[in-house]
Structure formats: structure tokens, C-alpha cells
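Chains, contacts and geometry: an overview
Chain by chain, the residues run as shown.
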Amino acid sequence: MLASLLILTILAGPVAPASISLFGPGDVVPEDVIESRGADSFFSIQEISDDLFEFIYGKSFKENCTLARSELRYLTILHRNAEGQAIVGEIMVNKSIADDVLEILRELYENGYPIERMLLVDRYDASDEASMADNNSCGFNFRMIAHTSKPSKHSLGMAVDINPLYNPYHKITASGIEVTEPEAGASYLDRSRKFPYKIERGDLCWRLFIAHGFKWGGGWASSKDYQHFEK
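Quick summary incoming for the structure in this document. (Residues numbered from 1 in each chain as written. Predicted model: local features only at pLDDT ≥ 70, side-chain atom pairs only at ≥ 80, totals over all residues. Heavy atoms only, no water.)

1. Looking at the overall build of the protein
Looking only at helices and strands, one finds seven helices and nine strands in the protein. Taking 17 Å as the expected radius of gyration for a compact globule of 231 residues, we find that the protein reaches 17 Å, a close match to that expectation. Over its C-alpha atoms, taken along the principal directions, the protein stretches across nearly 55 × 40 × 35 Å. When contacts within the protein are restricted to residue pairs at least 6 apart in sequence, those whose partners lie at least 24 apart make up 59%. Carbon together with sulfur atoms contributes 53% to the accessible area of the protein, which is approximately 10800 Å² in total. The positive charge centre, built from 23 side chains, and the negative charge centre, built from 33, are 6 Å apart in the protein. (Helix = DSSP H or I, 4+ residues; strand = E, 2+ residues; numbered from the N terminus. Rg over C-alpha atoms; globule rule 2.2 N^0.38 Å. Contact = heavy atoms within 4.5 Å. Areas by Shrake-Rupley, 256 points an atom, 1.4 Å probe, with all protein chains shown as cover. Lys, Arg positive; Asp, Glu negative; His and termini not counted. Charge placed at Lys NZ, Arg CZ, Asp CG, Glu CD.)

What follows is the structure in C-alpha cells.
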């Protein structure tokens with residue numbers, strides 16, 4: 001339902017690089033096309049173009065953003081969903097972790113690790129709740145940590161959230177308020193259950209991010225952020 005409501009927003013954004021121009025972010029790519037072109041043609045790191053900056057300005061790149069545009073990089077990738085389909089993805093991160101993230105996502109793709117959706121949060125008007133509820137994996141978004149005035153690691157482009165609907169954020173505040181983000185992910189706080197897109201300590205996603213020097217929010221003591229990897 002949410003994906004259908006957001007289709008106009010998704011179609012309004014920038015397209016993928018010329019090398020994969022027939023397939024934009026979110027498109028399923030036939031296996032014969034990947035075989036003929038080579039998977040390498042779908043993986044890239046680029047500086048933020050004028051067109052892309054115009055698209056993100058006022059959304060993830062807010063007017064009070066303290067990070068320079070030159071510090072960001074736009075990555076295109078392939079990922080596979082739980083049904084095994086190959087999909088064009090995109091993510092924006094700090095240039096200092098761009099190589100790490102590209103290498104991690106390439107290995108996840110090669111091993112068929114399921115990621116349902118990977119689009120810029122700007123395609124959801126930079127609404128974290130809407131993006132997470134659509135199980136959209138993403139990186140840069142200039143915002144504060146939930147219920148604080150402290151900039152998130154996402155504000156620096158130094159964090160990546162993977163399959164957030166099935167790996168929600170959970171915290172009980174000092175005033176006793178229980179917070180789950182996205183709200184639709186509350187049933188997935190029971191980590192003893194088996195379900196698709198679940199991140200677990202020791203799985204391939206966890207191992208790759210940890211090997212590249214990231215920390216996992218699922219291991220925090222005062223809160224749990226099962227979707228979140230930061231550096």
C-alpha cells in the first residue's frame with residue numbers, strides 16, 4: 001500500500017548512470033542482461049552531480065546541513081530481494097566509507113543476501129518513518145537522533161540502515177515512553193522469531209560490516225537498532 005502511494009515520488013528522482021540507463025533505481029534487471037553487461041557495470045561511486053544535488057536539497061540535504069556536498073558520494077549497486085530478483089539500488093554515504101559500503105553491498109549481492117529495497121530517502125521526501133515502513137535500506141539523511149537534539153551518524157553519511165522494517169529501532173525513554181521505529185516493525189522486535197530480511201549477529205551482513213570496522217546497533221545496551229551499522 002505504502003509503496004503504491006509513493007510511486008510518484010519514486011519516479012520523480014534522478015535516474016541511474018548512463019551505463020545502466022535502461023534500468024533506474026528500483027528496477028528489476030533480467031539475469032541475461034546482467035550476464036551480457038556484467039555485474040560490474042551496475043556498481044559505481046560518483047560525486048554528487050548538480051542534478052542530484054538539486055533533487056536532495058531541502059530533503060536529506062537540509063538548509064542547515066553541516067556536511068559539505070563534496071563529502072558525499074552516490075553509489076549505484078545491485079541487490080537481490082528474498083525472491084532472488086536482482087534490483088538496481090542506490091545509496092548516498094560519506095566519501096570516507098564509500099569504498100567499504102560498495103564492497104560490502106557487492107559481496108551481499110554475490111552471495112544472494114536479501115535486501116528488499118535500496119533507494120535514496122529523498123524519494124520518500126526524506127521521511128524516515130515512510131522509508132523504514134517500506135523496508136527501504138538507506139544511508140545519508142541530515143537529521144537528529146530520535147528524541148534528542150544530537151545529529152545522527154546518518155547526518156554525516158557514516159551510517160547505513162539495512163531492511164529497517166524487519167530490523168526496527170527500539171528504546172524506552174527516561175520518561176518511560178516506548179519508542180519503536182518504524183511503528184509497523186513492532187512485531188519484529190521478537191528476535192526469537194524467524195522471518196525474511198532479519199539481521200542476526202554472525203550472519204553475512206553482520207560479518208561484513210563488522211569486518212569493515214562498523215558497529216551494529218543491535219548490540220547496544222540502552223537501545224536496540226537492529227537495522228543500523230555505523231562507523
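2. Some thoughts on the sheet that holds strand β2 (residues 72-80)
Here we have three strands laid out as an open sheet, ordered β1-β2-β3, and antiparallel in their pairing. Of all the strands in the sheet, the pair left with one neighbour each is β1 (44-46) and β3 (86-94). Going across the sheet, the axis of each strand differs from the next one's by a mean of 25°, ignoring polarity. Running over the sheet, helix α5 (residues 98-110) touches β1, β2 and β3 and is turned about 5° from β2. (Pairing = 2+ DSSP bridges. Axes fitted to C-alpha atoms, helices over the stretch in contact; angles between N-to-C directions.)

3. A closer look at the environment of Arg201
Note on placement: Arg201 falls in the loop between β6 (178-181) and α7 (204-211). Owing to a relative accessible area of 57%, Arg201 belongs among the exposed residues under this scheme. Counting along the chain gives 25 residues from Arg201 to Tyr226, while the straight-line C-alpha distance between them is 9.6 Å. (Buried < 20%, exposed > 50% of the residue type's maximum accessible area, 1.4 Å probe, protein only.)

4. Notes on the pairing of β2
In terms of burial, β2 is a largely internal element, nine of the nine residues being buried. Neither face of β2 is left uncovered, since the one carrying Leu72, Tyr74, Thr76, Leu78 and Arg80 and the one carrying Arg73, Leu75, Ile77 and His79 both have all their residues buried. Taken together, the three bridges between β1 and β2 define a ladder with antiparallel strand orientation. By the bridge assignment, Ile45 is partnered in β2 with Leu75. In sequence, β2 turns back onto β3 through a hairpin of five residues, with Gly84 there showing a positive phi of about 90°.

5. Some points on α5
Think of an α-helix as 3.6 residues a turn; residues three or four steps apart then line up on the same face. For α5, with 13 residues, the first-to-last C-alpha span of 18 Å sits near the 18 Å given by 1.5 Å per residue. The set of residues buried in α5 consists of Ala98, Asp100, Val101, Leu102, Ile104, Leu105, Leu108 and Tyr109. Looking at the packing, one finds that the buried side of α5 touches α3 (31-37), β1, β2, β3, β4 (159-161) and α7. (Expected span 1.5 Å × (residues − 1).)

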